[in-house]
Amino acid sequence: MNKCVQAGVLAVPVELETGAVEGFYREFDLLLDGSPELIELDCSNLEHVTSSHINLLWEALSLSREASVRLRLTSPPGVLIRVLKALDLEEFFLTGRDDDEYDGSSGCVGVPELTDPVEQFEISFSPDTDEISRMRSDFKDYLRQVGLPDKCALELQSVFYETSANIAEHAQLADGDRIEFSARRTETGFWMRFVDPGRPFDPTSVSLDYMPEAAAVNRRRRGLGLVMIKRMTNDIKYERRDNRYNVLILTKTRNQR
Amino acid sequence: MSDSQIRQELIDDGVVVLNPGRTLDNNNAHEMVEVISSTQEAGRNNIIIDMCDMEFISSAGVGSILGSVETSREAGGDIVLCNVSDAIMHVLVVLDLVDYLTIKTDRQQSAEFCGIPRG
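Residues numbered from 1 in each chain as written. Chains lettered and ligands numbered in written order. Predicted model: local features only at pLDDT ≥ 70, side-chain atom pairs only at ≥ 80, totals over all residues. Heavy atoms only, no water.

Quick word on the overall build of chain B
For chain B, the count of helices and strands is 4 helices and 7 strands. Each helix (α) and strand (β) of chain B, taken in turn from the N terminus, gives the series β-β-β-α-β-β-α-β-α-β-α. Residues classed as buried in chain B amount to 55% of the 119 residues present. Of the accessible surface of chain B, which amounts to about 5,000 Å², a share of 44% is contributed by carbon and sulfur atoms. (Helix = DSSP H or I, 4+ residues; strand = E, 2+ residues; numbered from the N terminus. Buried < 20%, exposed > 50% of the residue type's maximum accessible area, 1.4 Å probe, protein only. Areas by Shrake-Rupley, 256 points an atom, 1.4 Å probe, with all protein chains shown as cover.)

Below, the structure is given as structure tokens:
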């Protein structure tokens, strides 16, 4: 039987109740049945790591090896990397990664490989312009701390600011509602997540017909934020969770040039 | 945080220099639009925006300038940016605006572009 060339992707559950673990293995088996060359386990939501997570990853690795399918962790947070290193499991999960498979367009040129994971940046803030400006300043300090090149840090700051401003403008948040933001460097670049309890708004569904001169002639003052966000990131994923939260995940990949 | 005041200076009849400060974002973009509009309405259509202090510009900040350029040009003037840092220039590059906007090195060059003789 010919193998499929595409990768299967599955998220590692954050909370490992019985149902979640069973569901994970069920989906994992389904992926294996499709005989992909590669299965990617998305670890981006793992904010804490327990021995159960490690057991689950180890079991997934064993199953994939039995089926001769490559397994790769995507967006592993610093805490997971540290635990895997501490348990000497690094060589099984964190080596031999095919980073050159990642698209480098608009990526971070010159970002050094991640050798010393820095803690995740997490903030919660109200959607007003002063607060967003203050948070941008805090985020800027964090980006300096993780040692990103100036241009890449500038783009990430811009993406943070524009996305926050977009949420503030479109999500119609109620008094007291806050935007949750997490970010971290990953092995492949940089990962950011916005969560807000506002009305559904999927920025990925907005088509961009941006023409600079036409924008000027038409005295266009708005809509440039989405252009910046899309041009300054490599991937944007939107999800409406529990019919209550907007979850927006933006990634910027390390350029391999 | 952004500066709340945009500094204005009349350097010649019809030429005004604006300095928005360290940031031009959602906090002061509206103010920028108002200042540029009132300057144009007063018949001063050559406007130099001196970005010597600017560290950050948002899309709203870019929009506040972009949406006003044609008004000046139609009246025979222009909006000229100067002292643009690498960071601000990068945003303009990302938005493909470098060819469209008039960007000069410094105030002197900008003033000459606006017809003010050197010296």
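Regarding helix α1 (residues 29-41) of chain B
All names here are of chain B. Taking 1.5 Å of rise per residue, the 13 residues of α1 would be expected to cover 18 Å, and the 18 Å separating its terminal C-alpha atoms lies within 8% of that figure. Residues Ala-29, Met-32, Val-33, Val-35, Ile-36, Thr-39 and Gln-40 constitute the buried set of α1. The buried side chains of α1 occupy one side of the element, clustering within an arc of 165 degrees when seen end-on. Across from the buried face of α1, at angles greater than 90 degrees, the exposed residues are His-30, Glu-34 and Glu-41. Considering only its buried residues, α1 is in contact with β1 (7-12), β2 (15-19), β3 (23-24), β4 (46-50), α2 (59-74) and β6 (78-82). Positive backbone phi, at 85 degrees, marks Gly-43, one or two positions downstream of α1. (Expected span 1.5 Å × (residues − 1). Arc of directions from axis to C-beta. Contact = heavy atoms within 4.5 Å.)

So, unusual backbone geometry
Residues and elements named next belong to chain A. A positive phi is found at Gln-172, a non-glycine position, where the angle reads about 50 degrees. Backbone geometry places Asn-243, a non-glycine residue, at a positive phi of 50 degrees. Inspection of the secondary structure assignment puts Asn-243 in the loop between β7 (235-241) and β8 (245-253).

A short note on the sheet that holds strand β5 (residues 179-186) of chain A
Residues and elements named next belong to chain A. Here we have 5 strands laid out as an open sheet, ordered β4-β5-β6-β8-β7, and antiparallel in their pairing. Of all strands in the sheet, those bounded by a partner on one side alone are β4 (121-125) and β7. Between one strand and the next, the sheet's axes are offset by a mean angle of 15 degrees, whatever the strand orientation. Inspection of the sheet shows β7 paired to β8 by 7 bridges, in the antiparallel sense. From the neighbouring strand, Arg-240 faces β8, where its bridge partner is Asn-246. In the packing of helix α6 (residues 150-170) onto the sheet, contacts are made with β4, β5, β6 (189-196) and β8, and the angle to β6 comes to roughly 15 degrees. (Pairing = 2+ DSSP bridges. Axes fitted to C-alpha atoms, helices over the stretch in contact; angles between N-to-C directions.)

Re the packing of aromatic side chains
Residues and elements named next belong to chain A. Inspection of the entire model under this criterion finds 15 aromatic pairs over all chains. Their ring planes at 55 degrees and their centres at 6.2 Å tell us that Phe-139 and Phe-190 sit as a pair that is tilted. Of the two residues, Phe-139 is situated in helix α5 (residues 129-145) and Phe-190 in strand β6; the sequence distance between them amounts to 51 residues. On the basis of relative accessibility, which here comes to 2%, the residue Phe-190 falls in the buried class. Summarising the aromatic geometry, the rings of Phe-160 and Phe-181 are spaced 4.8 Å apart at their centres and angled 65 degrees between planes, so their arrangement reads as edge-to-face. Placement of Phe-160 in helix α6 and of Phe-181 in strand β5 is noted, with a sequence separation of 21 residues between them. Judged by relative accessible area, Phe-160 falls into the buried class, the value being 0%. For Phe-181, a relative accessible area of 1% corresponds to the buried category. (Phe/Tyr/Trp six-rings, centres within 6.5 Å; stacked < 30°, edge-to-face > 60°.)

Here's the deal with the sheet that holds β1 of chain B
Residue and element names in this part refer to chain B. Spatially, the 5 strands line up as an open sheet ordered β1-β2-β4-β6-β7, and their pairing is mixed. Two strands close off the open sheet at either side, each with one partner strand: β1 and β7 (102-104). Neighbouring strand axes in the sheet, compared pairwise and without regard to direction, differ in orientation by 25 degrees on average. Pairing geometry for β6 and β7, over 3 bridges, is parallel. Counterpart to Val-80 in the pairing with β7 is Thr-102. Sheet strands in contact with α2 are β4, β6 and β7, and its direction is about 130 degrees off that of β6.

Considerations on the interface of chain A and chain B
Each partner contributes to the interface: chain A provides 29 residues, whereas chain B provides 28 residues. Across the chain A-chain B interface, the total number found is 1 salt bridge. With a closest N to O distance of 3.0 Å, Asp-96 of chain B and Arg-231 of chain A form a salt bridge. Here chain A and chain B share 9 residue pairs in polar contact (both at pLDDT 80 or more) between them. Secondary structure elements with two or more residues in the side of chain A that touches chain B: α5, α6, α7 (212-217) and α8 (224-232) of chain A. With 8 residues, the single largest contributor to the side of chain A that touches chain B is α6 of chain A. (Salt bridge = Lys/Arg side-chain N within 4 Å of Asp/Glu carboxyl O. Polar contact = N/O pair within 3.5 Å; in protein donor to acceptor, adjacent residues only side chain to side chain.)

Looking at the pairing of β6 of chain A
Residue and element names in this part refer to chain A. The buried fraction of β6 amounts to 8 of the 8 residues, a majority that puts the element mostly inside the structure. Inspection of the sheet shows β5 paired to β6 by 7 bridges, in the antiparallel sense. Across the sheet, residue Thr-186 finds its bridge partner in β6, namely Gly-189. Hairpin connection of β5 to β6: 2 residues between the antiparallel strands.

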